[in-house]
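What follows is each chain in one-letter form.
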Amino acid sequence: MYKIPVSVLVVIHTVDLQVLLLERADHPGYWQSVTGSQDSGETLIQTAAREVFEETGLHAADYALTDWQTENRYEIYEEWRWRYGPDVRFNTEHVFGLRLPDIVPVRIAAREHLNFMWLPWQQAASMVFSSSNAEAILKLPEHSQSG
């Protein structure tokens, strides 16, 4: 079954702008925020909450999850195109923020991630491999009050 070419990017951060990054298991050295494709029948906010739980063990409903009203369209990396239908080359990503009161323990999904770390937002932006992820983190101060 192919993935739907619609995804979420969830920047998990604390009120003092510490950002959670996850290291991809399928590509060591690639750091990112929570990401994932929408499942059939899900709303984008449901996708964001599901991905947060699957990748960190956190329940988004316990915190401030907000839609940043930002959409990015990008060409899917060649190495991951096999996950999509044969003629699919582009993905539309929707950006969300999840604001936590402080750094909290997370439980990473071993099949998806090797490690995690919390970094100040500017440093986190410089660590991620995806330009849309970096741009989202750099806009964190604009969104930090709402999530």
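Higher on the page you've got the structure.
Here the structure is a predicted model, which means the values were calculated and not measured.

**Q** Before we move on, can you summarise the overall build of the protein with the specific residues and values?
**A** Tallying secondary structure elements over the protein gives 4 helices and 7 strands in all. Shown N-terminal to C-terminal, the secondary structure of the protein runs as helices and strands in the order β-β-β-β-α-β-β-β-α-α-α. By the compact-globule yardstick of 15 Å for 147 residues, the protein fits well, its C-alpha radius of gyration being 14 Å. Considering only C-alpha atoms, the protein reaches an extent of 45 × 30 × 25 Å along its principal axes. Counting over 147 residues, the protein shows a buried share of 50%. Considering only residue pairs separated by 6 or more positions, the protein has 70% of its internal contacts joining residues 24 or more positions apart.

**Q** Lay out unusual backbone geometry with the relevant residues and their values.
**A** Even without a glycine there, the phi angle at Leu-17 is positive, about 70°. Relative to the helices and strands, Leu-17 resides in the loop between β1 (6–14) and β2 (18–24).

**Q** Lay out the layout of surface pockets in plain terms, naming residues and giving numbers.
**A** Counted as a void, the largest pocket has a volume near 880 Å³. Around the largest pocket sit 38 residues that line it, and Lys-3, Thr-35, Gly-36, Ser-37 and Arg-83 are the ones nearest its centre. Looking at the lining of the largest pocket, the elements with two or more residues in it are β1, β4 (34–37), α1 (44–56), β5 (64–75), β6 (90–100) and α3 (131–138). Counted by class, the lining of the largest pocket contains 10 nonpolar, 14 polar and 14 charged residues.

**Q** Talk me through the packing of aromatic side chains; I want residue IDs and the actual numbers.
**A** Scanning all chains against the criterion turns up 5 aromatic pairs. Their ring planes at 80° and their centres at 6.3 Å tell us that Tyr-30 and Trp-80 sit as a pair that is edge-to-face. A residue pair is termed long-range when its members are at least 10 positions apart, and Tyr-30 in the loop between β2 and β3 (31–32) and Trp-80 in the loop between β5 and β6 qualify at 50 residues. In this structure Tyr-30 comes out as partly exposed when scored by relative accessible area, which is 22%. On the accessibility criterion, Trp-80 (9% relative accessible area) is buried. Ring plane angle 85° and centroid distance 5.5 Å describe the contact between Tyr-77 and Trp-80, whose orientation is recorded as edge-to-face. Accessibility expressed as a relative area gives 36% for Tyr-77, which makes it partly exposed. Feature note: the residues Tyr-30, Tyr-77, Trp-80 and Phe-129 constitute an aromatic cluster, connected by ring pairs. The aromatic ring of Trp-80 is capped on one face by Arg-24, whose charged end is 4.4 Å from the ring centroid. Arg-107 extends its terminal NZ or CZ atom over the ring of Phe-53, reaching a point 5.5 Å from the ring centre.

The rules we used
- Residues numbered from 1 in each chain as written.
- Predicted model: local features only at pLDDT ≥ 70, side-chain atom pairs only at ≥ 80, totals over all residues.
- Heavy atoms only, no water.
- Helix = DSSP H or I, 4+ residues; strand = E, 2+ residues; numbered from the N terminus.
- Rg over C-alpha atoms; globule rule 2.2 N^0.38 Å.
- Buried < 20%, exposed > 50% of the residue type's maximum accessible area, 1.4 Å probe, protein only.
- Contact = heavy atoms within 4.5 Å.
- 1 Å grid on protein atoms, 1.4 Å probe; cavity = no way out; pocket = protein on both sides within 12 Å on 5 of 7 lines; lining within 4 Å.
- Points joined across faces, edges and corners; volume = space filled by probe spheres on them.
- Nonpolar A, V, L, I, M, F, W, Y, C, P; charged D, E, K, R; others polar.
- Phe/Tyr/Trp six-rings, centres within 6.5 Å; stacked < 30°, edge-to-face > 60°.
- Lys NZ or Arg CZ within 6 Å of the ring centre and 35° of its normal.

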